[in-house]
Amino acid sequence: MFKSNLLHIGAQKAALSKRQKEFNRLTKRIEQIGKMISDLTKGGEQLQQRIDKEWKPILTELNAAKAEMVRGMDRVYSDKLLKKVDHKKLAHLITDLSYELIKDYGFDDLKPIFNKYSDVDFDTMDAEAELEAAEMAKQMASMFGVDFDDDEDISTPEQFQEQMFRKLSEQQEAWEEEERLKQEKRAQRPKTQKQQEKEDKQKEQEQKLTKSVRSVYMDLVKAFHPDREKDDAEKERKTEIMQRVTQAYNDNDLLSLLKLQMEFNRIDQDHLETLADEQLLYYNKILKQQLTDLEQEKNSVVEGLAQLSDIPPYRINSIETLFFKFNQDLREFKRELKMTKSELSLWSDVHQVKSYLKTYKIPKEQDFDFY
C-alpha cells in the first residue's frame, strides 16, 4: 500500500529559492504519481477479480443461450410455412451467430449447422479470414518499417503483436549496436580540449549525484545495520528497516530514503529548511529522474488497464473511471442475457419466427476488422 509522508520545504520560511520550490514541486508530483500507480494497480487487481467472478459466468451463460438459439433456428428452418426470403434471412442469422461461437468460444458442435447454411464451410472460411488478417497485419507493420516473411504466422492479433514486438526489438538492438560502433569510432579519435572538459564535467556530475544518494543511504545503514545488535527484538526491527532502506537504495529512490531519515529522526524539518542550494541542485536532478521513471511505470500500468477494461489509455486517470465503465457494461451485459434467454422460446414457434423475420434486414457487408 502506498504511504504518503510529503516532504516539503517552507514551513519556516516566507520566501523560497528557485531550487527549494523545485524540490517541493518534484516531491509533490512524485507522491501524486506514486499514489496513482498504487491505486490503479490495486484497482486493476480488484477489476480482474470482478471479471472472473461476475463477468465470465454471465458470458458463459450468454454463449450457451446463443448456442441454443442457433439450434432452435436450425430446427425451425425446415418448416413449410417459411418462404425463400425467410430462409435467406435465417441462414444469415445462423451463420453469423454460430461463426462467433465457434471461432471465439469453442462451440465446435455447431460446425455442422454452420456448414449446412454457409456457401463456404467453417474451416475454409476461417483459413481465408486468417490469410486476410495476416495481409492486413503486414500492411500495418510496413507503416512502422517492419517487413514479415510469407511463412510467418501473424493471423491473430496476439501473434501479430508478439512478432511485431520481436522485430521492433531486433531493430532496436541493431540500432543500439550501430550506435555503439559509432561511439567506439568517436572514442578512438583524439578529443579536443573542449570535449575532454565536457566529459570530465559530466563524470563529476554523475559522481556527485551518486554521492548524494549514497550519503543518505550510509547514514541509515550506520544507524540501523542489525549485525552488531545483541537484543533479538531490536535486531528484528532493524532488519526490517534495513530491508526498506536497501530496497529504496537499489531503486535509486532518493525521496523514500529522505522519508526514512525523517521517519526515524535522522533528520528533521530544520534539516530540510537549511539544505544548501548546491545540495538541492543534486537532489532535484535525482528527483527528476525518479519522476521520469515513475511516469513510465504509470504509463505501463495504464496500458495494461486499457486492455483489461477496453477504455482508451488517455481516459484512465482514476480507479473510479474503471469501475464506472465496468458497472455500466455489466448492467448492459445482464440485460443482453435476459433478453437472449427470453427470445429462446421464439424459435420454437414458426409464426413468431415469421413475424420476427419480416422486420429483420440482413446488414450490408462491412470491412474486415483485424482488431
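These numbers were taken from a predicted model, which means no experiment stands behind them.

Think of an α-helix as 3.6 residues a turn; residues three or four steps apart then line up on the same face. With 33 residues, helix α10 (residues 277-309) extends 46 Å from end C-alpha to end C-alpha; this agrees with the ideal 48 Å at 1.5 Å per step. Of the residues trailing α10, Asp-310 is marked for its positive phi of about 60 degrees.

Moving on: the confidence of the model for the protein. With 86% of its residues at a pLDDT of at least 70, the protein reaches an overall mean of 85. Contacts for the low-pLDDT stretch residues 367-371, under 50 throughout, to residues beyond four places or in other chains number 15 contacts.

Checked against the element boundaries, Leu-344 lands in the loop between α11 (319-343) and α12 (350-359). A sequence separation of 276 residues divides Leu-344 from Glu-68, and the C-alpha atoms of the two residues are 7.5 Å apart. Apart from residues no more than four positions distant in its own chain, Leu-344 is found in contact with Ala-65, Glu-68 and Met-69.

Attention now moves to unusual backbone geometry. Its identity is not glycine, yet Asn-252 carries a phi of approximately 55 degrees, on the positive side. Considering the arrangement of structural elements, one finds Asn-252 in the loop between α7 (232-250) and α8 (254-263). A residue is classified by how much of its surface remains accessible, and Asn-252, at 39% relative accessible area, is partly exposed.

Turning to the environment of Met-242, a few remarks are in order. Considering the arrangement of structural elements, one finds Met-242 in helix α7. Remark: the alpha-carbon pair of Met-242 and Phe-224, spanning 18 residues in sequence, is separated by 6.4 Å. In this view, Met-242 contacts Leu-220, Val-221, Phe-224, His-225 and Pro-226; residues no more than four positions away in its chain are not counted.

As a further point, take a negative patch on the surface. A cluster of acidic residues, Asp-231, Asp-232, Glu-236 and Glu-240, forms a negative patch at the surface. Relative to the elements of secondary structure, Asp-231 occurs in the loop between α6 (193-224) and α7. For Asp-231, a relative accessible area of 42% translates into the label partly exposed.

Glancing now at the environment of Phe-122. When you line up the elements, Phe-122 lands in helix α4 (residues 122-142). For the pair Phe-122 and Pro-112, spaced 10 residues apart in sequence, the C-alpha to C-alpha distance is 8.7 Å. Once residues lying within four places of it in the same chain are set aside, the contact partners of Phe-122 are Tyr-99, Ile-102, Lys-103, Lys-111, Phe-114 and Asn-115.

Now for α8. Of all 10 residues in α8, 8 are buried; the element is thus mostly enclosed. Of the positions making up α8, those classed as buried are Leu-254, Leu-255, Leu-257, Leu-258, Lys-259, Leu-260, Gln-261 and Met-262. Note on α8: the residue one or two positions beyond its end, Asn-265, has a positive phi of about 60 degrees.

This brings us to the packing of helix α1 (residues 18-77) against α8. Look at α1 against α8: their axes get within 11 Å of each other, and the N-to-C directions meet at 100 degrees. In terms of their interaxial angle, α1 and α8 are classed as roughly perpendicular. Contact residues: Phe-23, Thr-27, Ile-30 and Glu-31 in α1; Leu-255, Leu-258 and Lys-259 in α8. In terms of residue class, the contact of α1 with α8 is built from 4 nonpolar, 1 polar and 2 charged.

Overall, the coordinates contain 24 salt bridges when judged by the stated rule. Of the charged contacts, one joins Glu-336 and Lys-66 as a salt bridge, the two residues approaching to 3.5 Å between their closest N and O atoms. Of the two residues, Glu-336 sits in helix α11 while Lys-66 sits in helix α1, which places them 270 residues apart along the sequence. Take Glu-336: its relative accessible area is 33%, and that puts it in the partly exposed class. For Glu-229, the salt bridge goes to Lys-238, with nearest N and O atoms at 3.1 Å. Overall, the relative accessible area of 13% leaves Lys-238 in the buried class. Salt bridges sharing partners connect three or more residues here, namely Glu-68, Arg-71, Arg-75 and Asp-109.

So, how was this worked out
- Residues numbered from 1 in each chain as written.
- Predicted model: local features only at pLDDT ≥ 70, side-chain atom pairs only at ≥ 80, totals over all residues.
- Heavy atoms only, no water.
- Helix = DSSP H or I, 4+ residues; strand = E, 2+ residues; numbered from the N terminus.
- Expected span 1.5 Å × (residues − 1).
- pLDDT = per-residue confidence, 0-100.
- Contact = heavy atoms within 4.5 Å.
- Buried < 20%, exposed > 50% of the residue type's maximum accessible area, 1.4 Å probe, protein only.
- Patch = residues over 30% accessible without salt bridge, like charges linked within 9 Å, V, L, I, M, F, W, Y side chains within 5 Å.
- Areas by Shrake-Rupley, 256 points an atom, 1.4 Å probe, with all protein chains shown as cover.
- Salt bridge = Lys/Arg side-chain N within 4 Å of Asp/Glu carboxyl O.
- Lys, Arg positive; Asp, Glu negative; His and termini not counted.
- Charge placed at Lys NZ, Arg CZ, Asp CG, Glu CD.
- Axes fitted to C-alpha atoms, helices over the stretch in contact; angles between N-to-C directions.
- Parallel < 35°, antiparallel > 145°, perpendicular 65-115°, else oblique.
- Nonpolar A, V, L, I, M, F, W, Y, C, P; charged D, E, K, R; others polar.

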